[in-house]
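Structural features, examined
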Amino acid sequence: MTQLFVRPRRWTLAVLLSFLCTLTAFAEVNWQAKWIWSEDTPPQQNLLYQARKGIEYQGGEVVLHLTADSRYRLYVNQRWIVDGPNRSFPHRQQYDTVDITPYLQPGKNVIGLEVMHWGLATFQYLAGQPALLCQIESSNSECIGTDASWRIRPHPGHERRTQRIACQQPYEEQLDGRGWDTAWLTPAYDDSTWSNAVELGPVGRQPWTQLEPRDIPFLTREPVHPVRALSAQQVEGPDYTLGVETRFCLGDGNLEANHIALDGVLVTTIESPKAQDLVVLPANSTGVNLFVNGQAYGGFPQWESHTIPLKEGTNLFVAEPGRSTHWTAVTFALDVDEAVTFQSPLPGSAWTAVRFDRNNQDLARAIREAQDWDTIAGLSGIHAASVREDHCSPVVAYNTVWGGHAIPAQPQVTQLENAFSDTPDVAVIAPAEGDTEIVLDFGKEVIGYFNLILDAPEGVVIDVACYEAIEDGVTHWSQGNLCSFRYTTREGWQEFLSRYRRGFRYATLVFRNVTAPIKLQNVNVILATYPDVRKGSFACSDANLNKIWDVGVWTLRMCSEDTFTDCPLYEQTYWVGDGRNEALVSYPVWGSTPLVRRCVLLPGQSLYRSPLTESQVPSGWQNIIPAWSFLWVQMAEEYYFYSGDRATLETVYPDVVTMLTHCMAYCTERGLMRINAWNFFDWAGMDIGHETCTHNSVLLAETAQRAANMARFLGKNEDVAKWEAFRQDLITAVNQAVWDETKGAYVDSIHGDGTLSSQISQQTNALALLYDVVPADKKPGLLRKVASPPDGMVQFGSPFALFYVLEMFAEEGLHDQVLSVVRSRWQPMLDKGATTFWEMFPQEGDRWWTRSHCHAWSAAPTFFLSKYQLGVRPLEPGFTKLAIAPQPVDLTWCEGNYPIPQGTVFVSWKREENAFRIKSHVPAGTTADVVLPLQWTEYPTVTIDGKAVKEGLPAGIQIIHDASKQIKFNIPGGREIEIVASR
């Protein structure tokens, strides 16, 4: 048995420094390699190719520079080295530099690459063309670059005819191990049957006009094993699982990820040997209405089975998908008593696409009520064509698992726990009636590559479906996402390592066609996240808050890839507005990392095609959420404040200027911003389906202030005045145009006819308070409304929006409110067994507690507890000056570490009956204002390191006097200091 992957090492600071040194050494590459691919490429969706090149190693250092469209996996002599590249816009395509010297042997070696090309745009990728670029540089020999001498072939075990995982992601993975083994990665392998590569052109060609080096380390590789098996049983899968990609047959076939209109229906005929029931099982699909033999069967069942009578002979089956959608896959899981056949009315695949004007209600009704194909074929105004075979999926792995059912047979599984560790011991799965299903619990949310090591007979089919939660004993299948794969075994020992990362906690594995015992040695996930170096910590007198802080950290880590992402299962998308919250959460845990810098820089690159930065980047969905664009500017300014990285500030500021200049032109509705965009802020009942939304102008006012701050940092005084004046104009407009005196609040929007919305919301008004838009005389009353919303006021719907309500409370000094909300809203998730925080709070009437059980926009408490209860925050850019100002509320003690560019700040405080004790260590290179939550009049006796202040201050320490009469000192860095105040 050849084990393919290199056992990982945990990322350490030394590893990160090594990465940065490599990045610097190879920032400038003299590209001699050519972009290459295969001559047999069409069609170009869901490709997996293998490429190889033999090299002679004669000593010295050898590095590779490489990239691909869409993704690659690099092997050297059967060792899995890395996956890449980072997501990027094609005009700023990133490449990787890898030192492969440790993996080479004297003499002959082989470089092997698997290249995945998706062909359709996702929410991480803009559709390009299949291509590979690799350059091998050695200190002892000439440069070897990809050219026509490289050998390439389609992966012989890859099934192209699969459906999209989701509209945000590429394709469900299905591989047949009988088609290949790892011998192709050995130097002696005979590749004479492979094709020579085709040279596409030199570096600089379209669409990859500019190449840039990787700007963050590679993701981690950490094996994580299941902690337990929840069940093992025998099952039977659905008789049929079918899928159709409708983008090309019912849509216009564009490759982008924007909404696409589907004009028509899918038709097949079911040939049944007798009158029998067709059971339509729960399946993962976009919404579909079904019509069989002219009878309507309502919306496509998602969670329940529907029974449809079939007649003997030919039955007309019509599937009508939604008209406008992102996800264009239609899939089914079907059961019958006796086998049936699916036949297209027209020659070709199993399906015919019937296109027509769906606004023609009479024609639509005639098609729905048709009882045979001839009736449809005789209608005028239709265009019928057989669906291409490669757009039809014979199997949907997720549906084979979800649509299965238990049978009364005994599973033949022994010592399953042996497969949950890296030992030679094995679990055994022996033949039994039906298929063997095992449900595994990994103990907490994970994201990474699914890995199986086993000895199996040929032809065992392993279907795996992954999901995040079992809610009140019911499996919460990931509706709208095929978090699944299929692997078919060759004979003997083998390893399956998935090519695509999945996020989940639970996995259901079904072993089919088990003709001889399987020895299952290892089941794990190779955890792959941004390689954080966790420097921050938090502990306090409330154990529940400690758990909340820790769960927030794990939530953020599971949503930290080559960018921050919204969630590890459903989307894996960098939503820019989410990124601002996630960056703030990351600072007290990891500090100002290259990942935050990357998330600051990427949005500005979308301005080449959009007037405001796009809502998710890089993405094939060209979409603007103005609030997300404005939060990007906040994130950029805050990154400079937390990091002191002036070079990044100088890089991003011109993009900020470009966007704000466009925004000024949109301020046409009584001085407010008016834009036709997705004017979203929260999943709640806000009245925001209009071009003029109050929250946009409020956020834009704050954005102008952040731009002014950035200009001030850069010494651009004219810009400071310009942006501050713009801010003031917006504040004036908001107060004149959308304040409703009778409601004592700002309304959500101005409608298209010029009338004011009647709706007020907690979100809009919290933002107005947070960003100092509210006049002083109106502020107390509005604050009371937001803190205790009256009937009719829309309240926050998501943890994302609640972040800004909490910020407002904290800025207003209502720290008891902050902790009250954290306890009341986040603790119930932990009580339900959450290991990561959810996308949404449970809503009355919802089927499930939430959609995504891991969503980093919900990790807010980690940020607030470190900033306010531990008490650390920057006062000047780069923490050249900081504050330690704890807000105890009802806590009796707290301690922790907070990473800053100069090192780590340590704080420990304790509240005693008649005293308050705080100990801190501030790194050299900075100073700290230590602010005790006490006044001199109440606690007149103060000592520093055991010496009374009234007897004199230690060297370098100063008392800060102000009107608040709080006990405040400025302390130097580089030393530990203890301050005790007593009555």
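Source: prediction; values computed, not measured.

**Re the pairing of strand β4 (residues 71–76)**
- With six of six residues buried, β4 is to be regarded as a mostly interior element.
- Every second residue of β4 is oriented toward a common face, with R71, R73 and Y75 on one face and Y72, L74 and V76 on the other, all of them buried.
- Note: β4 against strand β7 (residues 107–117), six bridges, orientation antiparallel. Each residue of the ladder has a partner; that of Y75, found in β7, is G112.
- Bridging between β4 and strand β5 (residues 79–84) involves five bridges; their strand directions are antiparallel.

**A word on the side chain of T436**
- Tracing the sequence through the fold places T436 in strand β34 (residues 435–456).
- Here T436 falls in the buried class, since its relative accessible area comes to 2%.
- Within the structure, T436 has its side chain in polar contact with the side chain of Q234 (distance 3.0 Å).
- When neighbours within four sequence positions are excluded, T436 is seen to be in contact with Q233, Q234, V413, I429, L509, V510 and F511.

**Quick look at helix α16 (residues 860–870)**
- Burial runs high along α16: eleven of the eleven residues are buried.
- Of all the positions in α16, only A860, P861, T862, F863, F864, L865, S866, K867, Y868, Q869 and L870 are classed as buried.
- Looking one or two places after α16, you find G871, whose phi comes out positive at around 100 degrees.

**Some thoughts on the sheet that holds strand β26 (residues 329–335)**
- Spatially, the five strands line up as an open sheet ordered β23-β20-β26-β17-β30, and their pairing is antiparallel. Strands with a single pairing partner mark the edges of an open sheet, and in this sheet they are β23 (306–310) and β30 (392–393).
- Where strand β20 (residues 276–280) meets β23, five bridges bridge the pair, whose relative direction is antiparallel. Across the sheet, residue V280 finds its bridge partner in β23, namely H306.

**Considerations on the packing of aromatic side chains**
- One pass over the full model with this rule turns up 57 aromatic pairs.
- A centroid spacing of 5.5 Å and a plane angle of 80 degrees characterise the contact between F317 and F332, whose relative ring orientation is edge-to-face. In this pair, F317 is assigned in strand β24 (residues 313–321) and F332 in strand β26, connecting sequence segments 15 residues apart.
- With a centroid separation of 5.6 Å and an interplanar angle of 15 degrees, the aromatic rings of F803 and F863 are classed as stacked. With F803 in helix α14 (residues 799–811) and F863 in helix α16, this pair connects stretches of sequence that are 60 residues apart.
- Taking the relative accessible area as the measure of exposure, F863 reaches 2% and is therefore buried.
- Above the ring of F841, the side-chain terminus of R825 is found at 5.1 Å from the ring centroid.

**Let's talk about the nonpolar core**
- Residues F450, F511, W628, F681 and W826 are the most contacted members of the largest nonpolar core, which totals 235 residues.
- For W826, the contacting residues outside a window of four places in its chain are I548, P799, L802, L806, V821, F837, F841, S858, A860 and P861.
- Within the second largest apolar cluster, 29 residues are counted, among which are L113, V115, I136 and A197.

**Topic: unusual backbone geometry**
- With an omega of 20 degrees, the peptide bond running from D69 to S70 counts as cis.
- Note that S70 resides in the loop between β3 (62–69) and β4.
- Going from G84 to P85, the amide bond is cis rather than trans, its omega being -10 degrees.
- Relative to the helices and strands, P85 is located in the loop between β5 and β6 (93–99).
- Phi angles above zero are rare outside glycine, and Q415 is one such case at about 50 degrees.
- Among the secondary structure elements, Q415 is positioned in the loop between β32 (413–414) and β33 (427–429).

**What to know about the side chain of T764**
- Along the chain, T764 falls in helix α12 (residues 762–770).
- Among the polar contacts made by the side chain of T764, one reaches the side chain of D748 at a distance of 2.8 Å.

**Section: the environment of Q45**
- If you trace the backbone, Q45 turns up in the loop between β1 (34–37) and β2 (47–57).
- The spatial distance from the C-alpha of Q45 to the C-alpha of P424 is 40 Å, given a sequence separation of 379 residues.
- Look past the residues within four positions of Q45 in its chain and what remains in contact with it is H117, W118, G119, L120, R160, Y171, F248 and L255.

**Some points on the packing of helix α8 (residues 626–643) against helix α9 (residues 646–666)**
- Put simply, α8 and α9 touch, their axes get as near as 10 Å, and they point 155 degrees apart. What the angle tells us is that α8 and α9 run roughly antiparallel. Of the two elements, α8 crosses α9, and the hand of that crossing is left-handed. Judged by residue contacts, S629, F630, W632, V633, A636, Y639 and Y640 of α8 engage R646, T648, L649, V652, D655, V656, M659 and C663 from α9.
- Considering only residue class, the contact of α8 with α9 consists of eleven nonpolar, two polar and two charged.

Conventions we followed
Residues numbered from 1 in each chain as written. Predicted model: local features only at pLDDT ≥ 70, side-chain atom pairs only at ≥ 80, totals over all residues. Heavy atoms only, no water. Buried < 20%, exposed > 50% of the residue type's maximum accessible area, 1.4 Å probe, protein only. Helix = DSSP H or I, 4+ residues; strand = E, 2+ residues; numbered from the N terminus. Pairing = 2+ DSSP bridges. Polar contact = N/O pair within 3.5 Å; in protein donor to acceptor, adjacent residues only side chain to side chain. Contact = heavy atoms within 4.5 Å. Phe/Tyr/Trp six-rings, centres within 6.5 Å; stacked < 30°, edge-to-face > 60°. Lys NZ or Arg CZ within 6 Å of the ring centre and 35° of its normal. Core = buried A, V, L, I, M, F, W, Y, C linked by side-chain atoms within 4.5 Å. Axes fitted to C-alpha atoms, helices over the stretch in contact; angles between N-to-C directions. Parallel < 35°, antiparallel > 145°, perpendicular 65-115°, else oblique. Left-handed = near helix turned anticlockwise from the far one by under 90°. Nonpolar A, V, L, I, M, F, W, Y, C, P; charged D, E, K, R; others polar.

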